[in-house]
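Listed here are the chains, written in short residue letters.
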Amino acid sequence: MSSVVETVPDDTDPGDLEAGVRAGVTIPAPVEQVWQHLISAAGTEALIGEGARIGNKGEPWHAADGSYGVVRSFHPVEQVRVTWHPHEDGPLSMLDVQLRPDGDGTRVEVFHEGRGIAGDPRGDLQHWDDALGRLAGGLQA
């Protein structure tokens with residue numbers, strides 16, 4: 001498994017990064033297997049939080065940490081996109097998770113558009129790197 005998170009230069013003004021962050025990981029498993037794990041209870045919890053479940057388009061999701069949203073797009077074995085509120089009064093953002101074949105494995109990329117988790121771009125990058133590590137680790141366990 002290799003995990004790559006786009007780095008933010010130290011001299012970058014966090015206000016310049018309101019468009020979002022991107023993180024990705026390559027998992028040594030076929031796309032179908034990674035997709036099934038992603039939409040399972042264990043995979044969804046690894047990525048977006050304990051108690052969260054991804055349903056069909058239009059269905060809400062809630063995690064134990066207070067984050068919540070609605071499934072906006074659901075394309076099996078390719079992509080899921082959800083709105084993301086880190087807490088009740090938190091800012092709205094979008095989480096786009098895309099899967100694609102990458103050699104003998106699967107590339108999983110997360111695009112978090114807007115402000116969200118940690119309230120700062122570097123914290124958001126770390127959050128998604130950690131989440132992708134949990135997702136990949138759960139599949140390989």
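Residues numbered from 1 in each chain as written. Predicted model: local features only at pLDDT ≥ 70, side-chain atom pairs only at ≥ 80, totals over all residues. Heavy atoms only, no water.

J.: Any chance you could explain the overall build of the protein chain here in plain terms?
T.: Tallying secondary structure elements over the protein chain gives 3 helices and 7 strands in all. Starting at the N terminus, the α and β elements of the protein chain follow one another as β-β-α-α-β-β-β-β-β-α. Across the 141 residues in the protein chain, those meeting the buried criterion constitute 45%. Taking the contacts inside the protein chain whose residues are at least 6 apart along the sequence as the reference set, 44% of them involve residues at least 24 apart. Accessible surface, the protein chain as shown: approximately 7100 Å² in total, 49% of it carbon and sulfur. (Helix = DSSP H or I, 4+ residues; strand = E, 2+ residues; numbered from the N terminus. Buried < 20%, exposed > 50% of the residue type's maximum accessible area, 1.4 Å probe, protein only. Contact = heavy atoms within 4.5 Å. Areas by Shrake-Rupley, 256 points an atom, 1.4 Å probe, with all protein chains shown as cover.)

J.: It is not clear to me how the nonpolar core should be interpreted in this structure. Could you clarify?
T.: Within soluble globular proteins, side chains that are nonpolar tend to cluster in buried spots. Formed by 31 residues in total, the largest nonpolar core has its most connected members in L47, I48, V97, V108 and W128. Mapped by element, the contributors of at least two residues to this core are β2 (21-27), α1 (31-39), α2 (41-48), β5 (79-84), β6 (93-102), β7 (105-113) and α3 (121-140). With 7 residues, α3 is the single largest residue contributor to this core. Once you skip the residues sitting within four places of it in the chain, L47 turns out to touch L38, V97, V110, W128, A131, L132 and R134. (Core = buried A, V, L, I, M, F, W, Y, C linked by side-chain atoms within 4.5 Å.)

J.: It is not clear to me how the pattern of salt bridges should be interpreted in this structure. Could you clarify?
T.: Pairs can form between side chains of opposite charge once their charged atoms are near each other. With the rule as written, the count across this model stands at 5 salt bridges. Where E45 meets R53, a salt bridge forms, and the shortest distance between an N and an O atom there is 2.9 Å. R53 sits in the partly exposed class, given a relative accessible area of 42%. The closest approach of N and O atoms between R107 and E109, which form a salt bridge, is 3.5 Å. Judged by its relative accessible area of 15%, E109 is buried. When salt bridges with common partners are traced through the structure, they connect R81, D96 and E113 into a single cluster. (Salt bridge = Lys/Arg side-chain N within 4 Å of Asp/Glu carboxyl O.)

J.: Help me understand the environment of V77, please; the structure alone is not making it clear to me.
T.: Note that V77 resides in the loop between β4 (68-75) and β5. Look at V77 and you get partly exposed, because its relative accessible area is 27%. Linking V77 and Q98, residues 21 residues apart in sequence, is a C-alpha distance of 8.6 Å.

J.: Teacher, can you tell me more about the packing of aromatic side chains here?
T.: Geometry of an aromatic ring pair is reported as the spacing of the ring centres plus the angle between the planes. For the structure on display, the rule yields 3 aromatic pairs. Pairing W35 with F74 gives two aromatic rings, centres 5.4 Å apart and planes at 65 degrees, and the pair type is edge-to-face. Within this pair, whereas W35 is found in helix α1, its partner F74 is found in strand β4, the two being separated by 39 residues in sequence. The interplanar angle of 70 degrees and the centroid separation of 5.4 Å between the aromatic rings of W84 and W128 together place this pair among those described as edge-to-face. You can see W84 sitting in strand β5 and its partner W128 sitting in helix α3, a full 44 residues away along the chain. By the burial criterion, W84 is buried, and W128 matches it. (Phe/Tyr/Trp six-rings, centres within 6.5 Å; stacked < 30°, edge-to-face > 60°.)

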